[in-house]
Amino acid sequence: MFKSSWKVGVLFSKTGVTSVIEKTQFNATLLAIREINAQGGVHGRRIEPIVYDPNSNPEKFRQLAKRLIINDSANIIFGCYMSSTRKAVIPIVEDYNGLLWYPTLYEGFEYSKNVIYTGSIPNQNSMFLARYLLSQYGNRFYLVGSNYIYPYESNRIFRDILASTGGKVVGEKYLPLDASYECIDPILVDILEKRPNVIFSTIVGSATSKFYKSYWRAGMQPRQMPIASLTTSEAEVTAMGHEVGAGHITAAPYFETVNTPANHQFVKSYKAMFGASQCTNACAEAAYFQVHLFAHVLRRVGTLDTDIVRTATLGTIFDAPEGTIQIDPDNHHTYLWPKIGRVDDQGKFQIVAETDSPVKPDPYLVDLGSDKSLNRMKYYESEFN
Ligand code: ACM
């Protein structure tokens with residue numbers, strides 16, 4: 001018999017523009033909780049998720065985070081995808097001393113003592129991606145993104161990286177989050193006029209598959225001018241169809257194709273629980289490992305007290321599907337394994353470059369220009385050509 005449960009909050013959108021990816025983060029969170037409970041829970045107590053659907057809407061995220069902490073006594077919250085939603089939740093976790101576990105890549109330049117950041121940041125994705133693209137495709141880049149904070153900031157950082165590495169930005173445009181095909185067409189016309197070597201996309205959510213489909217229908221060729229992204233994962237490729245995604249590139253610390261025993265187990269369990277056609281991805285992997293890492297900490301401390309959990313989390317090492325990761329005690333972000341993947345004709349990301357060890361997070365890009373970790377990336381390009 002279980003004693004009373006450990007209540008935790010879960011805030012991922014089942015509806016709204018980013019629900020395709022957030023549903024996978026939700027699934028991975030539930031899978032981890034189910035695995036922990038199947039092993040007897042933590043100190044004989046079950047982890048009980050308190051779940052709301054914030055509808056991809058920052059104001060709803062804010063209200064529901066407050067409700068979780070105040071009404072439901074759930075001070076530990078797993079959630080958020082868009083940076084606008086994380087920025088809406090931070091004042092709540094800071095005011096009421098909660099702890100948000102955020103499993104999504106983002107633009108960096110942030111620190112809150114009430115957040116544990118388990119997704120990748122520019123020194124773990126953009127810097128590797130820029131170097132890879134410059135070496136493989138050329139130096140003319142066209143930046144396109146969704147109209148909110150993450151794409152603006154991510155593109156600003158990408159510009160800085162290009163400026164210091166010989167790249168050029170030949171165009172930059174933003175789409176509404178709920179963009180229609182009609183919004184995309186003039187951007188493609190502009191891209192064809194400006195003739196970049198690479199389109200760097202920070203489009204998120206439902207507009208992603210519309211953008212890639214419009215590119216595909218226009219007969220544009222990924223071998224000559226790929227779309228390179230940090231946000232187009234297996235979830236978005238499944239939504240657009242693999243013939244549309246084939247040949248395009250994403251930088252992330254995890255792809256479903258990662259060859260580790262921990263990942264084989266994760267992928268098998270995920271498909272067993274949610275269906276063989278469902279794919280894992282980097283955001284789902286972070287959502288999964290952060291719950292297991294939290295449970296590991298909870299076993300050690302035996303309390304949900306925010307200050308005690310935070311202190312015990314910092315420095316914790318965990319065997320995640322992507323490899324061994326660690327929460328950096330210096331800045332609350334995570335040591336991760338940068339990789340570049342290219343979509344093959346089955347819709348799978350083939351890993352074309354990766355680092356041989358995890359890379360320390362540098363959220364303020366203190367080391368921009370002198371980061372030795374870039375030299376640790378191995379390229380497998382010839383095997384896939
Ligand atoms: C994001 O908004 N951090 C993808």
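A short tour of the structure in this document, coming up. Not measured: the values here are computed from a predicted model.

### Let's talk about the environment of G302
Okay, step 1: Note on placement: G302 falls in the loop between α11 (282–301) and α12 (306–313).
Okay, step 2: Separated by 33 residues in sequence, G302 and S269 place their C-alpha atoms 27 Å apart.
Okay, step 3: If we skip the residues at most four places from it in the chain, G302 touches W6 and H43.

### Describing α12
Okay, step 1: Turning to α12, its buried residues number three or more, namely T306, V309, R310, A312 and T313.
Okay, step 2: If you follow the buried residues of α12, they end up packed against β3 (76–79), β4 (99–102), β5 (115–117), α11 and β12 (323–327).
Okay, step 3: At the N-terminal end of α12, a side-chain oxygen is found 3.1 Å from the backbone nitrogen of D307, two or three residues along, and the residue is D305.
Okay, step 4: Positive backbone phi, approximately 90 degrees, marks G315, located one or two places after α12.

### Here we look at the pairing of strand β7 (residues 168–175)
Okay, step 1: Relative to β7, strand β6 (residues 140–146) runs parallel, the two sharing seven bridges. Note on β7: the bridge partner recorded for V144 is K173.
Okay, step 2: Between β6 and its parallel partner β7, the chain crosses via helix α5 (residues 149–163), and the hand of that crossover is right-handed.

### Description of the environment of E243
Okay, step 1: Note on placement: E243 falls in helix α9 (residues 242–245).
Okay, step 2: When its relative accessible area of 44% is taken as the criterion, E243 is described as partly exposed.
Okay, step 3: Expressed as a C-alpha distance, the spacing of E243 and N331, which sit 88 residues apart in the sequence, is 40 Å.

### What to know about helix α6 (residues 181–194)
Okay, step 1: Its 14 residues give α6 an end-to-end C-alpha distance of 20 Å, which sits within 8% of 20 Å, the value for a rise of 1.5 Å per residue.
Okay, step 2: Looking one or two residues beyond α6, the residue adopting positive phi is R195, at roughly 50 degrees.

### Focus on the nonpolar core
Okay, step 1: The biggest cluster of nonpolar side chains holds 47 residues, and the ones touching the most others in it are I47, I76, W101, F294 and I325.
Okay, step 2: Other than its neighbours up to four places away in sequence, F294 contacts V8, I47, I76, F78, W101, L304 and V309.
Okay, step 3: Within the second largest apolar cluster, 35 residues are counted, among which are M82, V198, A251 and C283.

### Observations regarding the sheet that holds β5
Okay, step 1: Strand order in this open sheet of five strands is β2-β1-β3-β4-β5, and the pairing throughout is parallel. Every interior strand has two partners, whereas the edge strands, β2 (47–52) and β5, have only one. When strand polarity is set aside, the average angle formed by the axes of neighbouring strands in this sheet is 25 degrees.
Okay, step 2: Pairing geometry for β4 and β5, over three bridges, is parallel. Counted as the bridge partner of W101 is I116 from β5.
Okay, step 3: Sheet strands in contact with helix α3 (residues 83–95) are β3, β4 and β5, and its direction is about 160 degrees off that of β4.

### Thoughts on the packing of aromatic side chains
Centre-to-centre distance and the angle between the planes together describe a pair of aromatic rings.
Okay, step 1: For the coordinates displayed, the defined rule picks out 17 aromatic pairs.
Okay, step 2: When the ring of Y152 is compared with that of Y174, the centres are 4.0 Å apart and the planes differ by 20 degrees; the resulting orientation is stacked. Of this pair, Y152 sits in helix α5 while Y174 sits in strand β7; the two residues are 22 residues apart in sequence, bridging distant segments of the chain.
Okay, step 3: Measuring from ring centre to ring centre gives 4.7 Å for F255 and F349, while their planes differ by 25 degrees; the resulting arrangement is stacked. One end of the pair, F255, is in the loop between β10 (249–252) and α10 (261–274); the other, F349, is in strand β15 (residues 349–355), and 94 residues separate them in sequence.
Okay, step 4: What makes F255 buried here is its relative accessible area of 1%.
Okay, step 5: The buried category is assigned to F349, whose relative accessible area is 1%.
Okay, step 6: Among the aromatic side chains, those forming a connected cluster through ring pairs are Y254, F266, Y270, F274 and Y288.

### Comments concerning the sheet that holds strand β11 (residues 317–320)
Okay, step 1: Sheet architecture is open: three strands sit in the order β11-β12-β13, paired in antiparallel fashion. The sheet is open, and its two borders are formed by β11 and β13 (334–335), each paired with just one other strand.
Okay, step 2: Taken together, the four bridges between β11 and β12 define a ladder with antiparallel strand orientation. Residue pairing across strands places I317 opposite Q326, the latter belonging to β12.

Here is what the cut-offs are and how they apply
Residues numbered from 1 in each chain as written. Predicted model: local features only at pLDDT ≥ 70, side-chain atom pairs only at ≥ 80, totals over all residues. Heavy atoms only, no water. Helix = DSSP H or I, 4+ residues; strand = E, 2+ residues; numbered from the N terminus. Contact = heavy atoms within 4.5 Å. Buried < 20%, exposed > 50% of the residue type's maximum accessible area, 1.4 Å probe, protein only. Polar contact = N/O pair within 3.5 Å; in protein donor to acceptor, adjacent residues only side chain to side chain. Pairing = 2+ DSSP bridges. Right-handed = clockwise from strand over helix to strand, strands pointing away. Expected span 1.5 Å × (residues − 1). Core = buried A, V, L, I, M, F, W, Y, C linked by side-chain atoms within 4.5 Å. Axes fitted to C-alpha atoms, helices over the stretch in contact; angles between N-to-C directions. Phe/Tyr/Trp six-rings, centres within 6.5 Å; stacked < 30°, edge-to-face > 60°.

Taken by themselves, the reported measurements are silent on function.
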